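The chain contents come next:
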Amino acid sequence: MCGIFGIITNQDNISLGKVVLEGIKRLEYRGYDSCGIVALSNSELHVKKDSGKIDEIQKKINLADIPNNSKLALAHTRWATHGAPTRKNSHPHLDCSNKIAVVHNGIIENFLELRKMLTEKGHLFESDTDTEVIPHLIEIKMKEGLNFKDSVVEALKLLTGAYAVAVCHADYPDSIIVARKESPLVIGIIEGKSTYCASDIPAFLPLTRKCYIMDDDELAILKAGEVEFFDLISNERIEKELRTIEWSIDAAEKGGYEHFMLKEIYEEPIAIRNTLKISEELLRVFANILLSAENIYITAAGTSYHAALAGKFIISKFLGKHIQDIECSELETQLKGNLQKNSVIIAISQSGETIDIIEAIKWAKKAKSVKILTITNVVGSSITRSSDHVIVTNAGPEIGVAATKTYSTQVLTLALIAVSIAKIRKIISDEEIIKYYEALTGIPNIIEKFLEKNVDLIKYIVNNLEKNMNYFFLARGISIATAKEGGLKLKEVACRFIEGYSAASAKHGPISLVREGFPIIFIAPPDETYNRLVGNVMEFKSRGGRIISVVVESDEKITKLSDITIRIPQPADKYYNLFSPITFMPALQLLAYYSALAHDLDPDKPLNLSKTVTVH
Ligand code: F6R
């Protein structure tokens, strides 16, 4: 996720540099590891860019200082996906002639092939990004004699992946060309005067409330105060509806949601679709290293540790080896003196900046020759420096302190590695592999369907439980991870006391707390643990427990025993069951979110917590 902003105007009385800087700053929540601006004046492109947060860059190079007569500019704030967060990887990116500039949000999946083809044709690249292929492809098309618009259209046809792009050309000072496929793009307009493009509405909301929302496979030509839309596939002109935005800037930044936490829960399907784009080659690198390792550890903190618990379960199923989970704060204490050579540590950290995990893997690297395989959401974060191989989850920045979409994408990444292992080992048939992939690619739809239909039910449950201070979240097998994570969410944002526990172990102590009406949330996908879980539900029900269960749509047995069920719209089969830590989680995240609201708490700023824990 990155932010793009552009303006083309015929107004003399505005400070273009200031407008662009303010516009891109309102998109900084979409990414903040580098920023850049390109302005066009006297048939030349003027580029300013650097790594860091916008305010830091501003102090160094005054991004707003662009030529006075400029009437067209593009800007970008980056959340790195390909290439470290450095100046050279910052957008905009230019072609060889320095005439074409592109800012891009998305992921170009076939950029390596395109880059190879372009390099063979003599094009020179300055960055490690996927984006840089785009201006070079447009350059080729223009050299072939196509006009600016058709060159962009033909270049985009060569891309696979997701993009929202804005392009300008030094010889076309009256146009910005933009296009969208699977990444957001909106156009703001003051008719006859100025036109804006942006990844999100807040970027131009103080300037205009009139806007067009672009859909996939659409292209637009922006001129000062005018815009024309085209279907990217047929290249035919299309009409689009001009809308008036009623939101405040604050609401717009959150996409109309009241809080970032809610927005990020609703972003899970798109985040998951992006994670599904992780290259098979990289997954195979992880899979092969795990296959040849003698000892495997998986380590993380908090929510990432719960992702590790779910992921180790999924990977072990296909790996044929035990994986030991250790909280990162305990790694050195537990492994000191017993860390063998040919060990592998899978380190998981959303931020890549949690001090405990950074120190743990630094210690492990120094202690013995072990391999560190890292899964993080932040390219170039500190953890990546001590890692042998890194997978980036592609969830986009998470602003809410409680981890939501990053949890799903961490589990999904581990699940993708697991299926890659199954493929290499050939321990299941090709048909079964396909079924696992179908289940994985089906996850976003299941979550979308759930979120569409179940918010009222979750609010009803919250109202029903409002006065309770203590809860159990119980499960067996892989769902213990789900119970722990669902419990952690409710604990941190709604300030309730939760025990997220194994349903079997809960009878060895915790059950003594159960009285009439004590709420117990059972996580109950129909997997191999289901029948035993039925027994556990009965034990707690017979002691007066109030049973809320999370089950699949076709569930019967546990439904009959429950006071309320939350039904996840997914098939009752082993392929989907294995990924239930992902599909069941939005229900529990929503439960935590609405519980926080019911207790007048701000779910984006849980008490005593910060997004990144950089102290021991
Ligand atoms: C809870 C939460 C924390 C983090 C933990 C590790 O919602 O976000 O428990 O999961 O602080 O952070 P990362 O994954 O950044 O290392």
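Just so it is clear, the structure is predicted and the values come from calculations on it, not from any experiment. All chains use their own residue numbering, which begins from 1 and follows the written sequence. Under the rules for a predicted model, residues below a pLDDT of 70 receive no local features and side-chain atom pairs below 80 are neither given nor counted, while totals for whole chains, interfaces and linings still include all residues. Note: side-chain values were computed over all heavy atoms of the structure, leaving out hydrogens and water.

Attention now goes to the overall build of the protein. Within the protein, the regular secondary structure consists of 22 helices and 25 strands. The principal-axis extents of the C-alpha atoms in the protein amount to approximately 80 × 55 × 45 Å. Accessible surface area values rest on a Shrake-Rupley calculation with a 1.4 Å probe, where residue burial reflects the displayed protein chains alone. When the accessible surface of the protein is summed, it comes to about 24000 Å², and 49% of that surface belongs to carbon and sulfur atoms. Seen as two clouds, the 72 positive and the 78 negative side-chain charges of the protein have centres 5 Å apart. A run of DSSP states H or I qualifies as a helix once it reaches four residues; a run of E qualifies as a strand once it reaches two. Both are numbered from the N-terminal end. Note that His is not counted, nor are the chain ends; the positive residues are Lys and Arg, and the negative ones are Asp and Glu. A single reference atom marks each charge: NZ on Lys, CZ on Arg, CG on Asp, CD on Glu.

To continue, consider the sheet that holds strand β17 (residues 323-327). Taken in spatial order, the 5 strands of this open sheet run β17-β16-β18-β19-β20, and their pairing is parallel. Edge positions in the open sheet fall to β17 and β20 (389-392), since each of these has one partner strand only. The average undirected angle you get between the axes of adjacent strands in this sheet is 20°. A pair of strands is labelled paired if DSSP reports no fewer than 2 bridges between them. Pairing analysis gives 5 bridges linking strand β16 (residues 295-300) to β17, with the strands arranged parallel. Here the axes come from fitting lines to C-alpha atoms, over the contacting stretch only for helices, and the angles between their N-to-C directions go from 0 to 180 degrees.

As a further point, take the domain arrangement of the protein. For an interface, size is often stated in terms of accessible area lost upon the parts coming together. In this document the domain limits rely on a domain assignment from an automatic tool or a database. Partitioning the protein into structural domains gives domain 1 (3-252), domain 2 (255-427) and domain 3 (451-601). Every residue pair with non-hydrogen atoms within 4.5 Å of one another is taken to be in contact. Counting residues at the interface gives 17 residues for domain 1, matched by 15 residues for domain 2. Summing the contributions of domain 1 and of domain 2, the shared interface buries around 1300 Å²; its carbon and sulfur component is 63%. Take the accessible area each of two parts loses on contact, using a 1.4 Å probe, and add the two losses: that sum is the buried area. The three residues of domain 1 that bury the most area against domain 2 are Tyr 29, Trp 79 and Ile 107, which together make up 40% of that side's buried surface. Salt-bridge detection follows one rule: a side-chain nitrogen of Lys or Arg within 4 Å of a carboxyl oxygen of Asp or Glu. For the pair domain 1 and domain 2, the interface holds 1 salt bridge. Between Glu 182 and Lys 277 there is a salt bridge whose closest N-O contact spans 3.1 Å. By the criterion applied in these results, polar contacts are pairs of N or O atoms within 3.5 Å in which, for protein atoms, one can donate a hydrogen and the other can accept it, and in which residues neighboring in sequence qualify only through two side-chain atoms. Between domain 1 and domain 2 we count 1 residue pair in polar contact (both at pLDDT 80 or more) in total. Residues are grouped as follows: Ala, Val, Leu, Ile, Met, Phe, Trp, Tyr, Cys and Pro are nonpolar; Asp, Glu, Lys and Arg are charged; all remaining types, including Gly, are polar. Residues belonging to the side of domain 1 that touches domain 2 are distributed by class as follows: 11 nonpolar, 3 polar and 3 charged.

We now examine the pattern of salt bridges. This model, assessed by the stated rule, comprises 32 salt bridges. For Glu 120, the salt bridge is made with Lys 116, and the minimal N-O distance between the two is 3.5 Å. A residue pair is termed a helical-turn pair when its members lie 3 or 4 positions apart in one helix, as Glu 120 and Lys 116 do in helix α3 (residues 111-120) at 4 residues. The class of Glu 120 is exposed, set by a relative accessible area of 59%. Of the charged contacts, one joins Lys 489 and Glu 485 as a salt bridge, the two residues approaching to 2.6 Å between their closest N and O atoms. Residue Lys 489 and its partner Glu 485 are located together in helix α17 (residues 479-494), separated by 4 residues, close to a single helical turn. Buried means the residue's accessible area, taken with a 1.4 Å probe over protein chains only, is under 20% of the maximum for its type, while exposed means over 50%, and partly exposed covers the values in between.

Now for the packing of helix α1 (residues 16-25) against helix α2 (residues 54-61). Between α1 and α2, the shortest axis-to-axis distance is 11 Å and the interhelical angle comes to 155°. Taken together, α1 and α2 sit at an angle that is classed as roughly antiparallel. The residues of α2 that touch α1, namely those facing Leu 21, Ile 24 and Lys 25, are Ile 54, Asp 55 and Gln 58. Of the residues assigned to the contact of α1 with α2, the class counts are 3 nonpolar, 1 polar and 2 charged. Just so you know how the angles are binned, under 35 degrees is roughly parallel, over 145 roughly antiparallel, 65 to 115 roughly perpendicular, and the rest oblique.

This part covers the nonpolar core. Buried Ala, Val, Leu, Ile, Met, Phe, Trp, Tyr and Cys residues form a nonpolar core when they are joined through side-chain atoms within 4.5 Å. By size, the foremost hydrophobic cluster in this structure holds 90 residues, and its most contacted members are Leu 290 and Phe 579. With 11 residues, the top contributor of residues to this core is helix α14 (residues 405-425). Counting residues domain by domain, this core receives three or more from each of domain 2 (255-427) and domain 3 (451-601). Setting aside chain neighbours within four positions, we find Leu 290 in contact with Ile 296, Ile 315, Leu 319, Lys 321, Val 344, Ile 346, Leu 373, Ile 417 and Ile 421. Residues Val 19, Ile 66, Tyr 196 and Ala 252 belong to the second largest nonpolar core, which totals 29 residues.

Contacts to the ligand come from 13 residues, most closely from Ser 304, Ser 349, Ser 351, Thr 354 and Glu 492. In the model, an oxygen atom of the ligand is placed 2.5 Å from a nitrogen or oxygen of the Ser 304 side chain. In this structure, an oxygen atom belonging to the ligand sits 2.9 Å away from a main-chain N or O atom of Ala 403. Expressed as a share of its isolated accessible area of 400 Å², the protein-covered part of the ligand is 89%. For the shell around the ligand, the secondary-structure elements that each account for two or more residues are α10 (302-319) and α17. Tallied by class, the residues present in the shell around the ligand amount to 4 nonpolar, 7 polar and 2 charged. Working definition: residue near molecule or strand if any one of its non-hydrogen atoms lies within 4 Å of it.

Moving on to the pairing of strand β23 (residues 519-523). The buried fraction of β23 amounts to 5 of the 5 residues, a majority that puts the element mostly inside the structure. Residues Pro 519, Ile 521 and Ile 523 point to one face of β23 and Ile 520 and Phe 522 to the other, with burial holding for every one of them. Examined bridge by bridge, strand β21 (residues 470-475) and β23 share 3 bridges and lie parallel to one another. Bridging across to β23, Phe 473 finds its partner in Ile 521. Summarising the sheet, β23 and strand β24 (residues 546-552) pair through 5 bridges and their orientation is parallel. Note that in β24 the partner of Phe 522 across the bridge is Ser 549. Traced from β23 through helix α18 (residues 530-541) to β24, the parallel crossover comes out right-handed. Place the viewer so that the strands point away; then a crossover is right-handed whenever the path from the first strand over the helix to the second strand goes clockwise.

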